[in-house]
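Chain by chain, the residues run as shown.
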Amino acid sequence: MRIPRNGRFALLSGALAAVLVAAGIAITGSAEAATTLGASAAQTGRYFGVATSAFRLSDTNYMTILNREFNSIVAENDMKWDATEPQQGRFNYTNGDRLVSHAQSRGMTVRGHTLLWHAQQPSWAQGLSGSALRNAAINHVTQVATHFRGKIHSWDVVNEAFADGGSGGRRDSNLQRTGNDWIEAAFRAARTADPGAKLCYNDYNTDGINAKSTGIYNMVRDFKSRGVPIDCVGLQSHLGTTLDSTYQQNIQRFADLGVDVQITELDVQQGGNQANIYASVTRACMAVARCTGITVWGLRDPESWRTGANPLLFDGNGNKKAAYTAVLNALNAGGPTTPGSPSPSASSQPPAPGGCSAGVTLNSWNGGYTATIRVTAGSGALNGWTVGVIIPSGGAVTSAWNAKNTGTTGQVTFRNVSYNGQVPAGGYTEFGFQGTGTGPTATPSCTA
């Protein structure tokens with residue numbers, strides 16, 4: 001979030017957990033260390049993203065770093081309610097579209113942030129209540145998610161709906177006062193509008209096992225038991241100078257409910273522990289297969305919403321800080337592959353000596369699917385790759401990430417982007433795409 005909150009870090013006290021992951025994690029990615037955050041995360045099917053804004057697209061130094069380092073972006077403010085529907089029923093997607101277009105041109109995924117939140121509502125929504133507000137909120141979810149349909153990896157459908165303190169209950173807000181089922185209604189509307197996107201609940205001060213995170217846990221468990229469409233939980237992780245010792249345990253318990261976990265807004269107050277905390281968070285995510293990605297909430301220190309805390313991975317001149325190196329090393333240490341990544345049983349061709357092979361895994365629903373393609377190097381390193389995929393008749397590719405596609409129907413060609421073309425011998429990288437119709441069944445071709 002961009003707006004500071006009083007008491008935000010009240011639950012972050014406690015001794016720093018020196019080691020969150022036991023030694024000896026199996027390396028499931030490439031045989032050589034990747035040199036950028038996005039490429040290293042992609043080795044295990046994860047993303048590493050950054051919060052940004054459309055006006056940053058003209059900042060050359062900033063965009064050089066963003067394009068080099070990250071394989072995912074999220075709009076810091078450009079997709080929130082006040083930005084996308086400044087007047088009731090009149091929508092403005094200009095800046096959100098600019099960010100999506102840039103991401104697509106670079107083969108990046110996009111997190112959608114956020115459909116409903118008690119803050120940063122347009123003034124007209126603040127003046128509504130009851131059924132008028134409920135109808136307006138659900139219409140907003142439907143319209144925005146429909147506009148970006150097929151272009152968003154994960155939506156923060158609802159943001160910060162739980163109260164701080166020891167109750168574990170809901171936050172009092174104009175949205176909560178429309179009825180306790182408003183969160184469920186928002187998730188159901190989002191699924192209908194954009195069935196291919198992961199639907200997330202996102203909140204802060206949930207970085208360990210505490211009353212607030214347990215309240216959210218109980219909601220997710222209830223939703224899963226009743227078939228309410230929820231796919232992931234976002235832990236914001238705006239951290240101070242310590243990290244809760246139950247951080248990884250908290251991630252694991254949500255994953256055990258059958259949802260993904262995403263670290264959505266990571267930043268860490270600068271101090272002697274900054275690099276260690278960044279590394280510990282990264283290792284904790286890497287240790288849990290269903291922790292599918294990490295997003296840092298800003299790129300360079302002076303641009304952070306936490307004025308004076310210098311909580312990011314790059315300084316004001318764009319130089320890498322010690323925290324950057326700590327994160328990169330933790331990503332390159334590897335961990336279990338995220339769910340949905342191709343398994344040995346996935347359709348694939350045998351690796352060609354000195355060449356490459358490709359395998360596909362599908363996540364399908366009625367009328368559409370997402371496909372994850374793993375590109376594996378043979379006995380020689382790759383310096384660029386091309387994958388051919390046959391899209392069944394009647395279907396089409398609607399978006400792609402971590403690759404650039406030529407064509408959308410029939411024989412579609414995907415090529416590496418800047419950060420994942422180099423794959424060491426025996427290593428692999430992954431990309432994905434979303435499509436309509438039924439997914440590809442033929443083994444993809446791969447050429448180096």
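About the thresholds
- Residues numbered from 1 in each chain as written.
- Predicted model: local features only at pLDDT ≥ 70, side-chain atom pairs only at ≥ 80, totals over all residues.
- Heavy atoms only, no water.
- Helix = DSSP H or I, 4+ residues; strand = E, 2+ residues; numbered from the N terminus.
- Buried < 20%, exposed > 50% of the residue type's maximum accessible area, 1.4 Å probe, protein only.
- Disulfide = S-S within 2.5 Å.
- Contact = heavy atoms within 4.5 Å.
- Core = buried A, V, L, I, M, F, W, Y, C linked by side-chain atoms within 4.5 Å.
- Axes fitted to C-alpha atoms, helices over the stretch in contact; angles between N-to-C directions.
- Parallel < 35°, antiparallel > 145°, perpendicular 65-115°, else oblique.
- Left-handed = near helix turned anticlockwise from the far one by under 90°.
- Nonpolar A, V, L, I, M, F, W, Y, C, P; charged D, E, K, R; others polar.
- Polar contact = N/O pair within 3.5 Å; in protein donor to acceptor, adjacent residues only side chain to side chain.

Asker: Could you clarify how one ought to interpret the environment of G407 in this entry?
Answerer: Within the secondary structure, G407 is located in the loop between β16 (404-406) and β17 (410-415). Residue class for G407 comes out partly exposed when judged on its relative accessible area of 38%. On a C-alpha basis, the gap between G407 and A396 in space is 9.0 Å, while along the polypeptide they are 11 residues apart.

Asker: Help me understand the state of the cysteines, please; the structure alone is not making it clear to me.
Answerer: Put plainly, a disulfide is one covalent bond tying together the sulfur atoms of two cysteines. Applying the stated criterion across every chain yields a total of 3 disulfides. Put simply, C200 and C232 are joined by a disulfide, and their sulfur atoms are 1.8 Å apart. Its S-S torsion of approximately -75° makes the covalent link between C200 and C232 left-handed. Taken together, the residues C200 in strand β5 (residues 198-203) and C232 in strand β6 (residues 232-235) connect sequence positions 32 residues apart. Both residues of the pair, C200 and C232, belong to the buried class. A sulfur-sulfur separation of 2.0 Å characterises the disulfide bridge that pairs C356 with C446. When the S-S torsion is -110°, as for the bridge of C356 with C446, the disulfide is left-handed. Residue C356 is found in strand β11 (residues 356-365), and its partner C446 is found in strand β20 (residues 445-447); the two are separated by 90 residues along the sequence. The burial state of C356 is the same as that of C446; both residues are buried. Counting only the cysteines that take part in disulfides, in the order they occur along the protein, gives the pairing 1-2, 3-4, 5-6.

Asker: So what exactly am I meant to see when it comes to helix α11 (residues 322-332) here?
Answerer: A large share of α11 lies buried, amounting to 8 of its 11 residues. Every buried residue belonging to α11 is among A323, Y324, A326, V327, L328, A330, L331 and N332, and all of these are buried. In this fold, the buried residues of α11 make contact with α1 (37-42), β1 (47-52), α2 (60-69) and α10 (274-287). Of the residues one or two after α11, G334 is the one with positive phi, at around 85°.

Asker: Before we go on, may I ask you to explain the nonpolar core in this structure?
Answerer: Proteins that are soluble and globular tend to have nonpolar side chains buried together. If you look at the biggest cluster of nonpolar residues, it comprises 92 residues, and the most contacted ones within it are F48, W155, F187, I263 and L313. Take this core: its biggest share by element is 7 residues, from helix α7 (residues 182-193). When sequence neighbours within four positions are dropped, the list of residues in contact with W155 reads M79, G112, H113, L115, V144, A145, F148, D194, A197, K198, L199 and C200. Within the second largest apolar cluster, 22 residues are counted, among which are V360, V387, A403 and F414.

Asker: Whenever I open this one, unusual backbone geometry confuses me. Can you help?
Answerer: What is expected of a backbone is that most residues other than glycine have negative phi and most peptide bonds are trans. Looking along the chain, the bond that leaves H113 and enters T114 is cis, with omega of -10°. Within the fold, T114 resides in strand β3 (residues 109-117). Phi is positive for N310, which is not a glycine, with a value near 45°. Of note, N310 is situated in the loop between β9 (291-296) and α11.

Asker: Even after reading the chapter, I still don't get the packing of helix α9 (residues 247-255) against α10, so can you show me in this structure?
Answerer: Two numbers describe a pair of packed helices, the interaxial angle and the distance between the axes. One way to put it is that α9 packs onto α10 with a least axis distance of 9 Å and a crossing angle of 30°. Here α9 is positioned roughly parallel relative to α10, judged by the angle of their axes. Pair α9 / α10 crosses with right-handed handedness. Facing Y247, Q248 and I251 of α9, the residues of α10 in contact are V281, A284, C285 and A287. Here the contact of α9 with α10 is built from residues that sort into 6 nonpolar, 1 polar and no charged.

Asker: Is there a simple way to think about the environment of L328 in this case?
Answerer: Along the chain, L328 falls in helix α11. Residue classification places L328 among the buried residues on the basis of a relative accessible area of 11%. Residues L328 and L37 lie 291 residues apart in sequence; the distance between their C-alpha atoms is 5.9 Å.

Asker: Teacher, can you tell me more about the side chain of S304 here?
Answerer: With respect to the element layout, S304 can be found in the loop between β9 and α11. Looking at S304, its side chain comes within polar contact range of the main-chain nitrogen of R306, at 2.9 Å. Ignoring sequence-local partners within four residues, the contact set of S304 consists of D267, P311 and L312.

Asker: Explain the packing of helix α8 (residues 211-226) against α9 here, please?
Answerer: Taken N-terminus to C-terminus, the directions of α8 and α9 make an angle of 15°; their axes are 10 Å apart at the nearest point. Compared by their axis directions, α8 and α9 come out roughly parallel. By crossing handedness, the relation of α8 to α9 is classed as right-handed. Contacts between α8 and α9 involve S213, T214, I216, Y217 and V220 on the former and, on the latter, N250, R253 and F254. Classifying every residue of the contact of α8 with α9 by side-chain character gives 4 nonpolar, 3 polar and 1 charged.

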